Amino acid sequence: MSAGGPRPDPRSARTKARLRESLLAECADRPLAEVGVSAVVRRAGVGRATFYLHYEDLTALAVDACADVVHAAVDALHAWQTGPGSVAPARPPAELAAFLGAAAERSALYRALLLPGGGGPLGERLHRELRARARAERAAVGAPRPDLVASAVAAAFTGVLADWLHDLVPAEPAELADRLWALLLALHRAG
C-alpha cells in the first residue's frame, strides 16, 4: 500500500471504463430503460459476473458513466474564479452555456437519472458535489452563512437543470445560462 491508501487496480479501472463506454453507446441508440445488462456486457466484451463485481445494477453504472456531467457542471459554474475571493462577473462564464449544450446532447440519458425537481441518483450526486464546492468556497473567504447559501445554490441549479432537461423550462442553452447565472448570483448576494 502507498501512503495515500491502496493503489487502484488498473485492470479494474479499464474494465469499468469499458462498461461505462458500452452503456453510453447503448444509450445513444435507445433509452436507458430499454438497455439490459446483457447488451452492455456483450458490447464491453466482459462477462455478466464481471459487471456485478463492479456495479450493483445498471443505474449504478449509469450514474458512474454520467459522473463527468457532474464534474463538468461544477467546473462550469466556477470557471470564472481565478483565485480565492474573486468577484463573480455579471455575465455567466462561457463554460456554463457550453456545459448546457453538451448536456442537451445526452438529455435522454440524463432525464432517466435526473428527475424533475432535481431528484434521482444523478441529481443527488450533483447536489452533493455542488453544495460541497460552494460551501468550501464561501467558508474560505469568510462569506456569511456558507451552509445555507451552498444548499440554496445547489438545489436551485440542480432543480432548474433537471426541469430544463425534462422540457419544463423552455430555453436555449445560452439563454438558460444567463437566467441561471442571475439566479445563482442573487442567491449568493442574499446570503
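What you see is a predicted model; the values in this text were computed from it and never measured. (Residues numbered from 1 in each chain as written. Predicted model: local features only at pLDDT ≥ 70, side-chain atom pairs only at ≥ 80, totals over all residues. Heavy atoms only, no water.)

Draft legend 1. Here's a closer look at the side chain of Ser-22. By the element assignment, Ser-22 lies in helix α1 (residues 10-29). Among the residues examined, Ser-22 registers a relative accessible area of 3% and is labelled buried. The residues touching Ser-22, leaving out its near neighbours within four places in the chain, are Ala-39, Val-40, Arg-43 and Ala-44. (Helix = DSSP H or I, 4+ residues; strand = E, 2+ residues; numbered from the N terminus. Buried < 20%, exposed > 50% of the residue type's maximum accessible area, 1.4 Å probe, protein only. Contact = heavy atoms within 4.5 Å.)

Draft legend 2. Quick peek at the environment of Tyr-110. Residue position: Tyr-110 is located in helix α7 (residues 107-113). A relative accessible area of 7% places Tyr-110 in the buried class. Sequence separation between Tyr-110 and Leu-122 is 12 residues; the distance between their C-alpha atoms is 7.7 Å. Beyond its immediate stretch of four places on either side in the chain, Tyr-110 contacts Cys-66, Val-69, Ala-103, Leu-122 and Leu-165.

Draft legend 3. Here's a closer look at the packing of aromatic side chains. The tally for this structure, following the rule as stated, stands at 3 aromatic pairs. Aromatic side chains Phe-51 and Tyr-55 sit 6.0 Å apart centroid to centroid with 40 degrees between the ring planes, which places their arrangement in the tilted category. Here Phe-51 falls in the buried class, since its relative accessible area comes to 0%. (Phe/Tyr/Trp six-rings, centres within 6.5 Å; stacked < 30°, edge-to-face > 60°.)

Draft legend 4. Representation of α1. A rise of 1.5 Å per residue sets the reference length of α1, with its 20 residues, at 28 Å; its end C-alpha atoms lie 29 Å apart and thus fit the reference within 8%. Taken together, the buried positions of α1 are Thr-15, Leu-19, Ser-22, Leu-23, Leu-24, Glu-26 and Cys-27. Structurally, the start of α1 carries an N-cap: the backbone nitrogen of Arg-11 is 3.0 Å from a side-chain oxygen of Asp-9. (Expected span 1.5 Å × (residues − 1). Polar contact = N/O pair within 3.5 Å; in protein donor to acceptor, adjacent residues only side chain to side chain.)

Draft legend 5. Spotlight on unusual backbone geometry. Its identity is not glycine, yet Arg-145 carries a phi of approximately 45 degrees, on the positive side. You can see Arg-145 is positioned in the loop between α8 (120-140) and α9 (146-165). The residue Asp-167 is not glycine, and still its phi comes out positive at about 65 degrees. Along the chain, Asp-167 falls in the loop between α9 and α10 (173-190).

Draft legend 6. Representation of the nonpolar core within the structure. Core analysis: the largest hydrophobic core is formed by 53 residues, its most contacted members being Leu-19, Leu-23, Phe-99, Phe-157 and Leu-161. Among the elements that take part in this core, α9 stands out by supplying 9 residues, more than any other. (Core = buried A, V, L, I, M, F, W, Y, C linked by side-chain atoms within 4.5 Å.)

Draft legend 7. Spotlight on the pattern of salt bridges. Under the counting rule described, the total for this entry stands at 11 salt bridges. Notably, a salt bridge pairs Asp-147 with Arg-131, separated by 3.6 Å at the nearest N-O pair. Separated by 16 residues along the polypeptide, Asp-147 in helix α9 and Arg-131 in helix α8 bring together distant segments of the chain. For Asp-147, a relative accessible area of 37% puts it in the partly exposed group. We note a salt bridge from Arg-179 to Glu-175, for which the minimum N-O separation is 2.3 Å. Highlighted residues: Arg-179 and Glu-175, both in helix α10, separated by 4 residues, approximately one helical turn. Classification of Glu-175 as partly exposed rests on a relative accessible area of 33%. Each of the salt bridges in this network shares a partner with another, and the network as a whole consists of Glu-26, Arg-30 and Arg-43. (Salt bridge = Lys/Arg side-chain N within 4 Å of Asp/Glu carboxyl O.)

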